[in-house]
Amino acid sequence: RTVRQVAFVADIHDGPDVISRHLDLCAEHDVDDVVILGDAVSAETIAAFEGYMIHYVVGNGELNQSTMRDTVKTVDDLGGIVYGRDGRVQFGDTQFMIRHGDVTRDMGYAMAATNADVVVHGHYHYQEDNHIGDGRVMNPGPDGCIRPRR
């Protein structure tokens, strides 16, 4: 398959119901990649997504050194990519700026500074989908969202 199905998740906070809901959605939508936008919190939560290509952004919930070390090691062990506090990733023809969102609320600035088509972030625990010029700013909230194949 040439185009990948992507799930964006944020602010899981080790919630077993939230993890279960995300895993069900990933299976239902035949997801290839899971972008974790921070605040997964523990390595065990990251490990729940074994089998998917994990793209991981550190949230403020993982800033404790031992927590960060454990989550980063788990992502590495699973063959995923750790971006630090933010990063850029391309799926299909769309360039994404991925970040947790606790450093700055100015997502329009993040879009302009990185020339991204879409900025996807977490931190605020509510869903957001705003258009800024030709781009979009999205927050999946704890419920998550799936980017359809194109």
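From a predicted model like this one, the values you see are computed outputs, not experimental measurements.

Looking now at helix 3 (residues 65-77). Structurally, the α-helix is built with 3.6 residues per turn, so residues lying three or four positions apart point the same way. Its 13 residues place the ends of helix 3 18 Å apart at the C-alpha level, agreeing with the 18 Å of an ideal helix rising 1.5 Å per residue. Looking at the buried positions of helix 3, the neighbouring elements they touch are helix 2 (43-47), strand 3 (53-57) and strand 4 (81-84). The positive-phi residue at the C-terminal boundary of helix 3 is Gly79, with phi of around 80°.

When charged atoms on two side chains of opposite charge get close, those side chains can pair. All told, the structure shown has 4 salt bridges when counted by the stated rule. Between Asp33 and Arg4 there is a salt bridge; the shortest N-O distance is 2.5 Å. A residue pair is termed long-range when its members are at least 10 positions apart, and Asp33 in strand 2 (residues 33-36) and Arg4 in the segment before strand 1 (6-9) qualify at 29 residues. Look at Asp33 and you get buried, because its relative accessible area is 3%. Relative accessible area serves as the criterion here: at 37%, Arg4 is assigned to the partly exposed category.

The rules behind each value
- Counting of residues starts from 1 at the beginning of each chain's written sequence and follows it residue by residue.
- Reporting in this predicted model follows two pLDDT cut-offs: at least 70 for local features of residues, and 80 or more for side-chain atom pairs to be given and counted; totals over whole chains, interfaces and linings ignore these cut-offs and use all residues.
- Heavy atoms throughout the structure, all of them, feed into the side-chain values; hydrogens and water do not.
- Numbered from the N terminus, helices here are DSSP runs of H or I no shorter than four residues, and strands are runs of E no shorter than two.
- Expected helix span is taken as 1.5 Å per residue step, with the number of steps being one fewer than the number of residues.
- By the convention used here, residues are in contact when the closest approach between their heavy atoms is within 4.5 Å.
- Any carboxyl oxygen of Asp or Glu that lies within 4 Å of a side-chain nitrogen of Lys or Arg is treated as forming a salt bridge with it.
- Burial status follows relative accessibility: with a 1.4 Å probe on protein chains alone, a residue under 20% of its type maximum counts as buried, one over 50% as exposed, and anything between as partly exposed.

Structural measurements only, silent on function.
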